[in-house]
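Chain and residue survey
Here is how the chains run, residue by residue.
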Amino acid sequence: MSERQQPWSDEAATHGRILVLSDNPISRAITSIATAVGREVHVEPADDGGPGLHPQAGDAVVLCDHDAPDAPGVLRAALASPAAYVAMMASRHRAVSLLDELVEEGVDVGALHVPAGHNLGGRGPGEIALSVVAEIVAESYGRPGGPMRD
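Notes on the structure follow. Please read these numbers as outputs of a predicted model, since none were measured by experiment.

A word on the pairing of strand 2 (residues 41-44)
Where strand 1 (residues 18-21) and strand 2 come together, four bridges link them in parallel fashion. Pairing of Leu21 across the sheet is with Glu44, part of strand 2. Handedness of the crossover is the feature at issue here: the chain leaves strand 1, passes through helix 1 (residues 25-36), returns alongside strand 2, and the resulting connection is right-handed.

What follows is the structure, given as structure tokens:
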């Protein structure tokens with residue numbers, strides 16, 4: 001009799017935190033989904049960046065409000081940090097002026113994920129959060145995401 005094979009591992013992987021600015025329906029859904037997959041999440045509710053997110057190596061930083069007063073400061077700090085993933089919720093069109101501002105300052109925005117998440121087509125907060133958490137998980141394992149059948 002052979003041993004049953006399971007498609008998962010009971011060994012807990014170590015991952016950085018998911019740091020989210022600010023508190024809104026998408027960030028709350030990110031918290032629910034990321035917690036369900038075993039990730040630690042910290043939401044900074046103050047849309048001005050509050051006391052700061054202070055990303056560490058392996059952390060993921062998600063700016064859920066591109067109109068937040070301190071969005072440029074949060075992105076500047078996150079991109080200069082050892083964070084493994086930095087993303088912003090915004091369409092490419094809406095992000096252009098903010099990205100231009102950062103580039104003018106000499107900030108390398110090449111590692112910035114904008115829009116955040118995988119292209120799942122979702123429109124609701126939970127669906128958007130699912131795409132962001134999926135991208136964070138894929139990035140943490142060095143995977144591109146996408147169908148398993150490929």
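Structure's up, so let's keep going.
Focus: the packing of helix 1 against helix 4 (residues 125-140)
When two helices pack together, their arrangement is given by the angle between the helix axes and the distance between those axes. Where helix 1 meets helix 4, the axes come as close as 8 Å, and the angle between the chain directions of the two elements is 55 degrees. Between helix 1 and helix 4, the interaxial angle falls into the category oblique. Where helix 1 crosses over helix 4, the handedness of that crossing is right-handed. The segment helix 1 lies against helix 4, with Pro25, Ile26, Ala29, Ile30, Ile33 and Ala34 engaging Pro125, Gly126, Ile128, Ala129, Leu130, Val132 and Val133. Looking at side-chain class alone, the contact of helix 1 with helix 4 contains twelve nonpolar, one polar and no charged residues.

Re the pattern of salt bridges
Scanning the model with the defined rule gives four salt bridges in all. Measuring nitrogen to oxygen at the nearest pair gives 2.8 Å for the salt bridge that ties Arg28 to Asp23. According to the relative accessible area criterion, Asp23 is partly exposed, its value standing at 41%.

Topic: the pairing of strand 1
Here strand 1 shows no split at all, with Ile18 and Val20 on one side and Leu19 and Leu21 on the other all buried. Alignment of strand 1 against strand 3 (residues 60-63), held across four bridges, turns out to be parallel. Note on strand 3: the bridge partner recorded for Leu19 is Val61.

Digging into the packing of helix 2 (residues 71-80) against helix 3 (residues 92-104)
It is the contact of helix 2 with helix 3, at a shortest axis distance of 11 Å, that shows an interaxial angle of 55 degrees. As summarised for this structure, helix 2 and helix 3 are arranged oblique, according to the angle between their axes. Remark: the crossing between helix 2 and helix 3 carries right-handed chirality. Contacts between helix 2 and helix 3 pair Ala71, Pro72, Leu75 and Arg76 from the former with Leu98, Glu101 and Leu102 from the latter. For the contact of helix 2 with helix 3, the class distribution of residues is five nonpolar, no polar and two charged.

Rules behind the numbers
Residues numbered from 1 in each chain as written. Predicted model: local features only at pLDDT ≥ 70, side-chain atom pairs only at ≥ 80, totals over all residues. Heavy atoms only, no water. Pairing = 2+ DSSP bridges. Helix = DSSP H or I, 4+ residues; strand = E, 2+ residues; numbered from the N terminus. Right-handed = clockwise from strand over helix to strand, strands pointing away. Axes fitted to C-alpha atoms, helices over the stretch in contact; angles between N-to-C directions. Parallel < 35°, antiparallel > 145°, perpendicular 65-115°, else oblique. Left-handed = near helix turned anticlockwise from the far one by under 90°. Contact = heavy atoms within 4.5 Å. Nonpolar A, V, L, I, M, F, W, Y, C, P; charged D, E, K, R; others polar. Salt bridge = Lys/Arg side-chain N within 4 Å of Asp/Glu carboxyl O. Buried < 20%, exposed > 50% of the residue type's maximum accessible area, 1.4 Å probe, protein only.

That's the geometry; what it means functionally is another story.
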